[in-house]
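# Structure assessment
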Amino acid sequence: MPKKPVVIGELRFSAKGEAKSHFTDILNKHPLGTELQGDEFDNVMALLLCHPKANDKIASGVKSIKIDQGFYSLNRCFHVVRVDGSIEDFSIGKCIDGEHSPFHRFCIACRRTVEAELRAKKAKYFEDNRDKDGKVVCPMTKEKITFEEAHIDHREPFTFSAIVHFFTQANDIDINNIEYITEGKYGNEFKNQELAEQFQLWHRKNAKLRVVKGRTNLAKSYLGRVSNTKADNILI
């Protein structure tokens, strides 16, 4: 059976094993008690949103995420420190292998609605900016990249997860009661076409897109904090 790709926030992996390795590397690289910062916080926050009980884990809101031993074992795991001071641990496996949270399922369906438009924007960008070898420059790594290496990136602070989050808030959408059509590895698709079109319009209005090297996209997620620069090559 072919491996299924995994999408976590804006992170894209070829399979579950690759996703687990990415987050395990973060978990093991720091001393116990370390609070995650910057990109690592964003990445693990996106992971937490995939947890089957994400709402319960987040509860009063997330103040920080740290690395520590589990409450019932000596194994390392991530801990969410809530705004009210309470702490809850969560595992990488549950987030990736468990039934995905309502928000994650909603995100996947939202992404399906804009996939064709993103592919078209990527093709147009290469048509307008490629050199004689068919390559363009990644604004993050400054490397020349091929069409196959390139990925459409949602520029902070409007990462894809953030766009989806504010869409649900602005339109008072109950993500627990959304009907989907499921199509294999591509995940959920909205049954309500009107909702799909509504998100497409929201995405066009709020997304700031750029073409980057695909693997570079693993360094960011959830709610970004970086301001735009002229070098970002924002796609209009």
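Residue numbers restart at each chain and count upward from 1, following the sequence in its written direction. Since the coordinates come from a predicted model, pLDDT governs what is reported: local features require at least 70, and pairs of side-chain atoms require 80 or more to be given and counted, while whole-chain, interface and lining totals use all residues. Values shown for side chains rest on all heavy atoms present in the structure; no hydrogens or waters enter the calculation.

Backbone-to-backbone hydrogen bonds pair the strands of a sheet. The strands run either parallel or antiparallel. Within the open sheet, the three strands sit side by side as E3-E4-E5. Their pairing is antiparallel. A single partner strand is all that each edge strand has here, and the edge strands are strand E3 (62–69) and strand E5 (87–90). Within this sheet the neighbouring strands show an average axis-to-axis angle of 30°, counted without direction. Note: E3 against strand E4 (residues 76–82), seven bridges, orientation antiparallel. Counted as the bridge partner of Lys66 is His79 from E4. Any pair of residues with heavy atoms lying within 4.5 Å of one another is described as a contacting pair. Axis definition: a line fit to C-alpha positions, over the contact stretch in the case of helices; interaxial angles, taken between N-to-C directions, run 0 to 180 degrees. Only DSSP runs of H or I with at least four residues qualify as helices, and only runs of E with at least two residues qualify as strands; both kinds are numbered from the N terminus onward. On top of the sheet, helix H1 (residues 16–29) reaches E3 and E4; it is set at about 80° to E4, its chief contact. Those strands touched by helix H2 (residues 38–48) are E3, E4 and E5, and its axis lies near 90° from that of E3. Any two strands are treated as partners once DSSP identifies two or more bridges connecting them.

Before going further, it helps to examine the nonpolar core. In these notes, a set of buried Ala, Val, Leu, Ile, Met, Phe, Trp, Tyr and Cys residues joined through side-chain atoms within 4.5 Å is what counts as a nonpolar core. Here's how the labels work: a residue is buried when its accessible area is under 20% of the maximum for its type, exposed when over 50%, partly exposed in between, all with a 1.4 Å probe on protein chains only. With 55 residues, the main nonpolar core has Ile8, Phe23, Leu47, Phe78, Phe90 and Phe106 as its most contacted residues. Excluding residues that lie within four positions of it along the chain, Phe106 makes contacts with Val164, Phe167, Thr168, Ile173, Ile175, Ile178, Tyr180, Phe190 and Leu195.

The next subject is H1. A helix's residues, less one, multiplied by 1.5 Å, set its expected span. For H1, built from 14 residues, the straight-helix expectation of 20 Å at 1.5 Å per residue is met to within 8% by its first-to-last C-alpha distance of 20 Å. Within the span of H1, buried status applies to Ala19, His22, Phe23, Ile26 and Leu27. Along the axis of H1, the buried residues cluster in a sector spanning 135°; they form a single face. Exposed residues pointing more than 90 degrees away from the buried face of H1 are listed as Asp25 and Lys29. Check the buried side of H1 and you find it contacts strand E1 (6–8), strand E2 (11–13), H2, E3, E4 and helix H4 (92–97). It is the directions from the helix axis to the C-beta atoms whose arc is reported.

Here we take up the packing of aromatic side chains. Pairing of aromatic rings covers Phe, Tyr and Trp, the last counted by its six-membered ring, and requires centre-to-centre distances within 6.5 Å; plane angles under 30 degrees mean stacked, over 60 mean edge-to-face, and any other angle means tilted. One pass over the full model with this rule turns up nine aromatic pairs. The ring of Phe160 has Arg111 sitting right over it, with the charged end atom 4.4 Å from the ring centre. We call a charge positioned over a ring when the NZ of a Lys or the CZ of an Arg lies within 6 Å of the ring centre and within 35 degrees of the ring normal. The cationic tip of Lys122 hangs over the ring face of Phe147; the distance from NZ or CZ to the ring centre is 4.2 Å.

In this section: a nonpolar patch on the surface. Each patch groups residues whose relative accessible area exceeds 30% and which form no salt bridge, using 9 Å between like charges and 5 Å between nonpolar side chains of Val, Leu, Ile, Met, Phe, Trp and Tyr. Shrake-Rupley sampling with a 1.4 Å probe provides the accessible areas, and residues are treated as covered by the protein chains on show and by no other component. The working definition used for a salt bridge is a side-chain nitrogen of Lys or Arg within 4 Å of a carboxyl oxygen of Asp or Glu. Together, Phe71, Tyr72 and Ile87 line one region of the surface with nonpolar side chains, adding up to about 390 Å² of accessible area. Within the secondary structure layout, Ile87 lies in strand E5.

Limitation: the analysis is restricted to geometry and does not speak to function.
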